[in-house]
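Below, each chain spelled out in residue letters.
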Amino acid sequence: MRRLPVLLGLALFAVFAGLPYVTTTYRVAFLLAVFIAAILAQSYDWVGGHMGYLNLGHASFFGIGAYTSGILLKAGWPIGLAFTAGVLLAVAFALLISYPFFRLRGAYFALATFGLVALLELLASNLSWLTGGSEGLTIATGYQLYGAYYAALILLALVVTATAWLARSRLGLALVSIREDEEVAGAFGVNAYAVKCLALMASAAVAGLAGGLYCWYLTYIIPATVFGLDVAIGPIVMAMLGGSGTVVGPLLGAFVVDVVREVLRLKTQYLALTVYGAILVLVGLFLPGGLAEPHRWRRLAVRLRRRAT
Amino acid sequence: MQTFVQLLIGGILQGGIYALGAFGLSIIFGVLRVLNVAHGDYLMLGGMLTYWLYTTWTLPPWIALLVVFPVFFAGGFLVERLLIRPIAGMPHHEFLVASILITLGLSLAIEDVTAFALVQPVKGIDYFLPPLRVGTIVVSSLRLLFLAIIVALTIGIHLFLRRSFWGKALRAVMEDREGAMLAGIDIGTASAVAFALGTALTATAGVFFVTLIPVDPHIGIPLTLKYLAIIVLGGVGSLPGALAGSVVLGLAESLVSFYVGAQWSLTVAFLVLIAILLLRPRGLLG
C-alpha cells in the first residue's frame with residue numbers, strides 16, 4: 001500500500017524523463033503545458049482543497065513570478081537570480097495579503113481574491129513602462145523547450161512529493177482541521193493563522209517559480225496569459241475535476257482538462273469555449289468530489305468530527 | 001467647477017444604470033448564497049434581445065422593457081431549477097466551489113454562443129433625444145429619463161419586498177435562513193423567485209445599457225466584478241445600499257477616468273471591493 005504509489009511515481013518520472021528522446025517537439029511542448037498546469041493545480045489545492053479557502057487569485061502569484069523573472073531576465077540578470085527574485089516577491093506578496101485576507105471566510109475570501117487578480121491584471125496592462133503593458137514583455141533568451149521541460153518535470157515531482165508528505169504530516173492534519181472547522185481546530189491547539197499563512201506562502205512560492213519558468217520558456221508574456229481568468233480558474237477546475245484535497249486528483253485533473261481542451265482546439269473551429277463551459281457545469285453538478293474519490297480525507301474528516309464532538 | 005459638476009452628474013447617471021443589476025445580484029447572493037459569476041452576462045443578453053427587437057421589428061427600448069423582464073424572469077427561474085437546485089444540498093465549501101464552477105461554465109458558454117451567433121460583435125442602438133441644458137451644464141436627457149425609470153422600478157421593488165408575501169419571505173430568508181424555514185417559508189420557491197427576479201432586473205438594466213453604450217459579448221465578467229464591488233459596498237440584500245453603492249462607484253469611475261485616465265477607471269471597482277472587504281469583512285452593513 002505504501003510502496004506501490006512510490007514505485008509508480010518513480011516509474012512515471014522515468015518515462016516522462018525519457019519521452020523527449022522518442023517523441024515529437026509538439027508532444028513535448030504539450031506535456032510541458034500539462035506539467036505547468038499540474039504544478040499550479042497542486043499548489044492551489046494546498047490552500048483551496050486541503051485547507052478549504054477558495055483562492056480565486058492563485059494566478060496573482062503566478063503572474064508576479066512571471067513578470068518579476070521576465071523583467072529581470074530582460075535586464076540581463078542570470079536565470080537563477082531572476083527566478084529566486086520572482087519566488088521571493090510572490091512569497092512576500094502572499095505574506096502581505098495573508099493578514100488582511102485571512103480575516104475573511106468562505107464566499108468573501110473568494111470574492112476578495114477574485115478582485116485581487118483582476119486588479120493585478122489591470123496594473124500589469126497600465127504600468128506599461130515596467131511591464132510592456134498590453135503589448136507584452138519579450139525577453140531575448142531564446143526558445144528553451146527542453147530545458148523548461150525538465151525543469152517543470154522536476155518541480156512537479158517535488159510538488160507531488162511535498163503533497164504526499166503533507167497528506168501524512170501534522171501540518172496536513174492541521175490544514176484539514178481548518179477546513180472542517182476553524183474554531184474547533186483552534187481549540188485543539190492548531191495555530192490557525194500561522195498554518196494558513198504558511199500554506200499560502202508555500203503555494204505562492206511554487207506558483208511564482210512556475211510563473212518564472214513559464215516566462216523563460218515562452219520568452220513572451222502579456223497580462224492576460226499570466227493573470228487572466230483562464231489562469232485564475234483553470235487550477236481550480238483541474239483540482240475539482242480530479243479530486244480536491246488528494247495527491248493524485250489535481251494531476252489527473254490537469255491532464256484531463258488539457259487533453260480535452262487541446263482536442264477541442266484541434267477538432268472544432270467554433271464553440272470550443274462552449275463545450276469547455278458545459279464541462280465546467282457538469283463537473284460542478286455531478287463531480288464535486290472529483291474523479292479520484294478522496295476516501296481517505298472523508299474518513300479523516302469523520303474521525304476529526306468524532307473527536308471534536 | 002463646471003467640469004466637476006458635469007462629472008458628478010455623469011457619475012450619478014452611470015451609477016443609476018449599475019443599480020438594477022447590483023440589486024439583482026444582491027438578492028441572489030443574499031437568498032441563495034451563490035457567487036453568480038454569470039451575472040453580468042444577463043445584462044449583455046438583455047441588451048442583445050433589446051437590439052434584436054429594435055432591428056427586426058423596430059420596437060423602441062420602452063416596449064423592449066416589457067418583453068425583456070418576463071423573458072429573463074422565466075430564464076432565471078429555469079437556471080435556478082436546472083443548475084442551482086441540484087447542488088443546494090451540498091456541504092458549505094463544496095457548494096461554494098460547485099456554484100462558482102457552474103456559473104463560470106454558464107458564463108463562458110453564453111459569451112461564446114453569443115459571439116458565434118452574431119455577425120457583428122458589437123451592438124448599440126442609436127436613440128437620440130436632444131440634451132438638456134441648465135445654464136452651461138449639459139445633461140443627457142436620455143440618461144435622465146432612464147434614471148427616472150430606474151428610480152420608479154426601485155420603488156416598485158421596494159414595495160414588492162415590503163408589502164407582498166414573497167417579498168417578505170425573501171427578506172426573511174436573507175436575514176435568517178433557519179428562522180425562515182421554521183416560520184414555514186419554502187426555501188426552494190424563495191430561491192427560485194429570488195434568482196428569477198435578480199436575473200430579470202439585471203437583464204432590464206441591459207435595455208438601458210445597449211441604448212447608451214455598445215454591448216459586446218465579453219462585457220459580462222468585468223461587469224460581474226463591478227456588481228460584486230457594489231453589493232459589498234452597500235451591504236448584501238440592502239436595496240438602498242445597492243443604490244448608494246452604485247452611485248458611489250459611478251461617481252468614482254467618472255472622476256478617476258477624467259482626472260487620472262480612462263484606463264484606470266476599472267481599477268476603482270476592484271480597489272473599492274478589496275478595501276471594503278478588508279475594513280469590514282462582512283460588507284459595510286453586514
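Keep in mind that what you see is a predicted model, and the values were worked out from it rather than measured. (Residues numbered from 1 in each chain as written. Chains lettered and ligands numbered in written order. Predicted model: local features only at pLDDT ≥ 70, side-chain atom pairs only at ≥ 80, totals over all residues.)

Draft legend 1. Local environment of the overall build of chain A. Scanning chain A from N- to C-terminus turns up 15 helices and 2 strands. The C-alpha atoms of chain A give a radius of gyration of 19 Å, which matches the 19 Å a tight globule of 309 residues would have. When its C-alpha atoms are laid out on the principal axes, chain A stretches across 60 × 45 × 40 Å. Burial status across chain A gives 48% buried among its 309 residues. (Helix = DSSP H or I, 4+ residues; strand = E, 2+ residues; numbered from the N terminus. Rg over C-alpha atoms; globule rule 2.2 N^0.38 Å. Buried ≥ 20, exposed ≤ 12 C-beta atoms within 10 Å, placed from the backbone.)

Draft legend 2. Spotlight on the overall build of chain B. For chain B, the count of helices and strands is 11 helices and 2 strands. Along its sequence from the N terminus, chain B presents helices and strands in the succession α-α-α-α-β-β-α-α-α-α-α-α-α. Taken against the 2.2 N^0.38 rule, which gives 19 Å for 286 residues, the C-alpha radius of gyration of chain B at 19 Å falls within 12% of a compact globule. Dimensions of chain B, computed from the C-alpha atoms along their principal axes, are close to 60 × 45 × 35 Å. In chain B, once contacts between residues fewer than 6 apart in sequence are set aside, the share between residues at least 24 apart is 77%. (Contact = placed C-beta atoms within 7 Å.)

Draft legend 3. Looking closely at helix α9 (residues 220-234) of chain B. With 15 residues, α9(B) should reach 21 Å at 1.5 Å per residue; the first-to-last C-alpha distance of 21 Å fits that figure. The first or second residue beyond α9(B) is Gly235(B), which carries a positive phi of 100°. (Expected span 1.5 Å × (residues − 1).)

Draft legend 4. Molecular detail of the interface of chain B and chain A. Facing the 38 residues of chain B at the interface are 36 residues of chain A. Those elements that place two or more of their residues in the side of chain B that touches chain A are α4 (92-117), α9 and α11 (265-279) of chain B. In terms of residue count, α4(B) provides more of the side of chain B that touches chain A than any other element does, 17 residues in total.

Draft legend 5. Region of interest: the packing of helix α13 (residues 249-267) of chain A against helix α14 (residues 272-286) of chain A. All names here are of chain A. Two elements in contact, α13 and α14, have axes separated by 9 Å at closest approach and are oriented at 155°. Accordingly, the angle class assigned to the pair α13 and α14 is roughly antiparallel. As for the relative orientation of α13 and α14, their crossing is right-handed in sense. For the pair α13 and α14, the contacting residues are Val 260, Arg 261, Leu 264 and Arg 265 in the first and Ala 272, Val 275, Tyr 276 and Ile 279 in the second. Considered class by class, the residues forming the contact of α13 with α14 number 6 nonpolar, no polar and 2 charged. (Axes fitted to C-alpha atoms, helices over the stretch in contact; angles between N-to-C directions. Parallel < 35°, antiparallel > 145°, perpendicular 65-115°, else oblique. Left-handed = near helix turned anticlockwise from the far one by under 90°. Nonpolar A, V, L, I, M, F, W, Y, C, P; charged D, E, K, R; others polar.)

Draft legend 6. Region of the structure containing the packing of helix α2 (residues 25-50) of chain A against helix α7 (residues 145-168) of chain A. All names here are of chain A. Packing of α2 against α7 brings their axes to within 9 Å, and their N-to-C directions diverge by 30°. Classified by the angle between their axes, α2 and α7 sit roughly parallel to one another. The two elements α2 and α7 cross, and the hand of that crossing is left-handed. Of α7, the residues touching α2 (which contributes Thr 25, Val 28, Ala 29, Leu 32, Phe 35, Ile 36, Ala 38, Ile 39, Gln 42, Ser 43 and His 50) are Leu 145, Ala 148, Tyr 149, Ala 152, Leu 153, Leu 155, Leu 156, Val 159, Val 160, Thr 163 and Leu 166. Taken together, the residues that form the contact of α2 with α7 break down as 17 nonpolar, 5 polar and no charged.

Draft legend 7. Structural detail: the environment of Arg171(B). Its place among the elements puts Arg171(B) in helix α6 (residues 165-175). Linking Arg171(B) and Val67(B), residues 104 residues apart in sequence, is a C-alpha distance of 27 Å.

Draft legend 8. Quick peek at the confidence of the model for chain B. All names here are of chain B. Of all residues in chain B, 92% have pLDDT values of 70 or greater, and the mean over the chain is 83. The lowest-confidence element of chain B is strand β1 (residues 132-134), averaging 69 in pLDDT; the highest-confidence one is helix α3 (residues 61-84), averaging 90. The ipTM value of the predicted complex is 0.79, and its pTM value is 0.84. (pLDDT = per-residue confidence, 0-100.)

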